[in-house]
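Examining the three-dimensional arrangement
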Amino acid sequence: MILPKAFILCLLFLSWSLNLLSQATLSLSDSSLPHFREVWTGDHSDVQFYYVEGEQLEGEVVITADAPFRISLDCHTGFSGVLSLEPGEDGVLESSRIFVRLFAEEVGEFERLITHQYGGDESAVLEVSGSGILTSVPDTYYDGISGSGSELKSQLHHLIKNHQVQTYASLWQHFTVTDATFDGHVWDIYSDTPCEEPPYIYVFGDDQDTGTGGTEEGDVYNREHSMPRSWFGGAVNPMNTDLYHIYPVDKFVNAQRANFPFGMVDNPFWTSLNGGKLGANVAGGYTGTAFEPIDEYKGDLARTFFYMITRYEDQISSWTYSEYGNAMFDHNSHPGYEPWVIQMLMEWHASDPVSQKERVRNQRVYEIQGNRNPFVDHPEWVEKIWGDTTVHLTERYPEPFLEVFPNPVRDLFSIESQTTIRIVHLYSARGNLLLRREPGTRHTQICLSDFPPGLYLLHVESKDRAQTKKLIRQ
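1. What to know about the pairing of strand 16 (residues 402-405)
Of the two faces of strand 16, only the one carrying Leu402 and Val404 is buried; Glu403 and Phe405 on the other face are not. Where strand 16 lies against strand 17 (residues 412-417), four bridges are found, and the strand directions are antiparallel. What sits directly across from Leu402, in strand 17, is Ser417.

2. What about the pattern of salt bridges?
Enumeration according to the criterion identifies 14 salt bridges in this entry. With a shortest N-O distance of 3.6 Å, Glu292 and Lys277 are connected by a salt bridge. Of the two residues, Glu292 sits in strand 15 (residues 289-292) while Lys277 sits in strand 14 (residues 277-280), which places them 15 residues apart along the sequence. In this structure Glu292 comes out as buried when scored by relative accessible area, which is 6%. Between Glu292 and Lys298 there is a salt bridge whose closest N-O contact spans 2.6 Å. Through salt bridges that share partners, Lys277, Glu292, Asp295 and Lys298 make up one connected network.

3. A short note on the state of the cysteines
Taken as a whole and judged by the stated rule, the model has one disulfide. Each sulfur of the disulfide joining Cys75 and Cys195 lies 1.9 Å from the other. Judged by the sign of its S-S torsion, about -75°, the cystine formed by Cys75 and Cys195 is left-handed. Taken as a pair, Cys75 in the loop between strand 6 (69-72) and strand 7 (82-85) and Cys195 in the loop between helix 3 (171-178) and strand 11 (221-225) lie far apart in primary sequence, 120 residues in all. Cys195 carries the same exposure label as Cys75, and that label is buried.

4. What about the packing of aromatic side chains?
With the rule as written, the count across this model stands at 32 aromatic pairs. Note on Tyr200 and Tyr202: the rings are 5.4 Å apart at their centroids and 55° apart in plane angle, and the pair reads as tilted. You'll find Tyr200 and Tyr202 in the same group, each marked buried. Geometrically, the ring pair formed by Phe232 and Trp319 is tilted, given 5.7 Å between the ring centres and 55° between the ring planes. In this pair, Phe232 sits in the loop between strand 11 and strand 12 (246-250) while Trp319 sits in the loop between helix 5 (298-311) and helix 6 (323-328), placing the two residues 87 residues apart along the sequence. Of the two residues, Phe232 and Trp319, both sit in the buried class. Aromatic ring contacts, followed pair by pair, group Tyr190, Trp231, Phe232, Phe262, Phe291, Phe305, Tyr312, Trp319, Phe329 and Tyr337 into a single cluster. The ring centre of Phe182 lies 4.8 Å from the NZ or CZ of Arg37, which sits over that ring. One cation-aromatic arrangement involves Arg257 over Phe262; the distance from NZ or CZ to the ring centre is 4.1 Å.

5. A word on the sheet that holds strand 17
The strands that make up a sheet pair up through hydrogen bonds in the backbone, lying either parallel or antiparallel. Taking strand neighbours across the sheet as the criterion, the three strands line up as 16-17-20 in an open arrangement whose pairing is antiparallel. Only two strands of the sheet have a single partner each, and these edge strands are strand 16 and strand 20 (443-447). Strand-to-strand twist of the sheet, defined as the mean angle between neighbouring strand axes without regard to direction, takes the value 15°.

6. Quick look at the environment of Val62
Here Val62 is to be found in strand 5 (residues 61-65). Of the residues examined, Val62 reaches a relative accessible area of 25% and is grouped as partly exposed. For the pair formed by Val62 and Tyr168, sequence separation is 106 residues and the distance between their alpha carbons is 51 Å. When sequence neighbours within four positions are dropped, the list of residues in contact with Val62 reads Val82, Leu83, Ser84, Thr115, His116 and Gln117.

7. Quick look at the sheet that holds strand 13 (residues 270-271)
Spatial ordering of the open sheet is given by 13-14-15, a layout of three strands whose pairing is antiparallel. Here the strands that pair on one side only, and so sit at the sheet edges, are strand 13 and strand 15. With two bridges connecting them, strand 13 and strand 14 associate as antiparallel partners. Its bridge partner lying in strand 14, Trp270 is registered against Leu278.

8. Quick look at the nonpolar core
The biggest cluster of nonpolar side chains holds 69 residues, and the ones touching the most others in it are Trp319, Tyr337, Leu345 and Trp386. Counting 26 residues, the second-largest nonpolar core is a separate cluster that includes Leu33, Leu57, Val61 and Phe110.

9. Here's the deal with helix 7 (residues 339-351)
Its 13 residues give helix 7 an end-to-end C-alpha distance of 18 Å, which sits within 8% of 18 Å, the value for a rise of 1.5 Å per residue. Within the span of helix 7, buried status applies to Trp340, Val341, Ile342, Met344, Leu345, Met346, Trp348 and His349.

10. Here's the deal with the side chain of His425
Relative to the assigned elements, His425 resides in strand 18 (residues 423-428). Under the relative-accessibility criterion, His425 is labelled buried at 3%. A polar contact is formed between the side chain of His425 and the side chain of Arg436, at a distance of 2.9 Å. When residues no more than four places from it in sequence are discounted, the contact partners of His425 are Glu338, Leu433, Leu435, Arg436, Leu457, Leu458 and His459.

Conventions and cut-offs
Residues numbered from 1 in each chain as written. Predicted model: local features only at pLDDT ≥ 70, side-chain atom pairs only at ≥ 80, totals over all residues. Heavy atoms only, no water. Buried < 20%, exposed > 50% of the residue type's maximum accessible area, 1.4 Å probe, protein only. Helix = DSSP H or I, 4+ residues; strand = E, 2+ residues; numbered from the N terminus. Pairing = 2+ DSSP bridges. Salt bridge = Lys/Arg side-chain N within 4 Å of Asp/Glu carboxyl O. Disulfide = S-S within 2.5 Å. Phe/Tyr/Trp six-rings, centres within 6.5 Å; stacked < 30°, edge-to-face > 60°. Lys NZ or Arg CZ within 6 Å of the ring centre and 35° of its normal. Axes fitted to C-alpha atoms, helices over the stretch in contact; angles between N-to-C directions. Contact = heavy atoms within 4.5 Å. Core = buried A, V, L, I, M, F, W, Y, C linked by side-chain atoms within 4.5 Å. Expected span 1.5 Å × (residues − 1). Polar contact = N/O pair within 3.5 Å; in protein donor to acceptor, adjacent residues only side chain to side chain.

If you want it as C-alpha cells, here you go:
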C-alpha cells in the first residue's frame, strides 16, 4: 500500500517533535560569576556559587573547572577540578548549588571556563575570572618589627598610630570600596550567610540609613562601631571614624547589639536572620548580655579588637568606659583586655583564619587611612603578643607592687599593695571570673573556703598598675 505524501510528512513531523521533546536540557543560574579579584599566591579566594539543573538527562553531568579555579558541592571542603552530578531516575537533575574558589598558585590574571558536559556532546559553560597577587603588603612596611609580648605590641602601636583621620560622613563612600561583595553589594557581616543566599541584600546608597526606618531587619544599613563609641567617650576622633572597626550593617541588628560586648551565648533571647545571638555571656568573666556573631566573622572581629587595643594603647587609660566596656577592658596598655576576653578572642582568631575579604579590606582601608591592621597581615603576632598574658603582665612591672600571702593558701589569704587597690579579680585556671572585690585600701583579705583546691589566677589593679599572680589553694 502506498501511503499518501501528506501522511508521510505528518509522520516525519511527529517523529521530529517527539525527538525534540525528549532532548536533554541543562540550565545554569548564571552565565558568568563576578571577578574573584586579588588572591594572595598560595591561598584561595572567598567562595562564590551558582546553580545548575536539568531535565531528560540520560546520564551524569560532568563539571570541569579550568585551573586555577576549583569546584565543590561543599562550601568548605572537597574542592577539585572535576565533579559529577547524577540525575534521578526520571532524568531530572534538581537544582544543585556549585561552590567555586580561585586557588592562586602564581601571579597573573585568569579568564577561564567551567564546562558542564551532558547528553553526549552537549555542554553549557560558565565564565570565571580572577587575579593572583604575591601580596598586598608594602615591602618595607614592617621593617624593624620583632620581639614578643608588650614590646612587640608597642612597636606595632608606634607603626600604625597617627593615621589619616576621616570624616564621619565620608564613611558611606569608603564602604563602597572597603566592604563590597564580589557583585558590588554591601558586605554586611550581620546578615551575610557565606554558603547560601542571604536573607536580604543592600545596595550602596539606595538602602543607606537616612535617619528613619530600621524597625525590622532588611530595611536599611548604617555604620556599626564594632567597638561601641560609649566605650571611648562618644564621637571622639580618631576612634570615631577609624574604618578598621566600623562596618556597614543592618540598622535593626546594630540596634539589638547596642553597646553590649561580644561574647558566647548558649540560650539567646533574640537571634538575627543570619544567626547572630543576643543573650547571657557564658565565655566567663562577665555574665551579662552579650552579642555572638556567626562563626564566619568571629575571626574578623577578633583581629579588629586586637587592632584597636594596639592602635590606641597610649589612650585607653583615659577612655571614659561604659559599663560594658569595663567588662572587656583591663584598663592597662597591656594586655588590654580581661583574661576571659583574650581567651575568647584568641579562640575566634584561631578558628576563623584570615580570609580574602579581610585582606582586601585591609588593603582598601590602608589606601584611605595610611595604616594597616598588623594581625591581618601577620596573624601569628596574636600568639606572640597575647599567648601568655600572665607572664606579660608581670614583665610590665618587674618590681612587684604587691604581696600575696600565704601562697599556697588553705582558706584566708592577704594582699598587701604599695598603692591603693582598686579592683581584685579571681579567675579559674580557664579564665572564668569567680570573684570581684573593690577594696579601696592597700590591704585586703579574701576567703577561699567555698572554692575547691586547685590553681587560680589573681588579678589586682591599682590606679596605674596591674599584676596577675598564680594562687594555689590546698
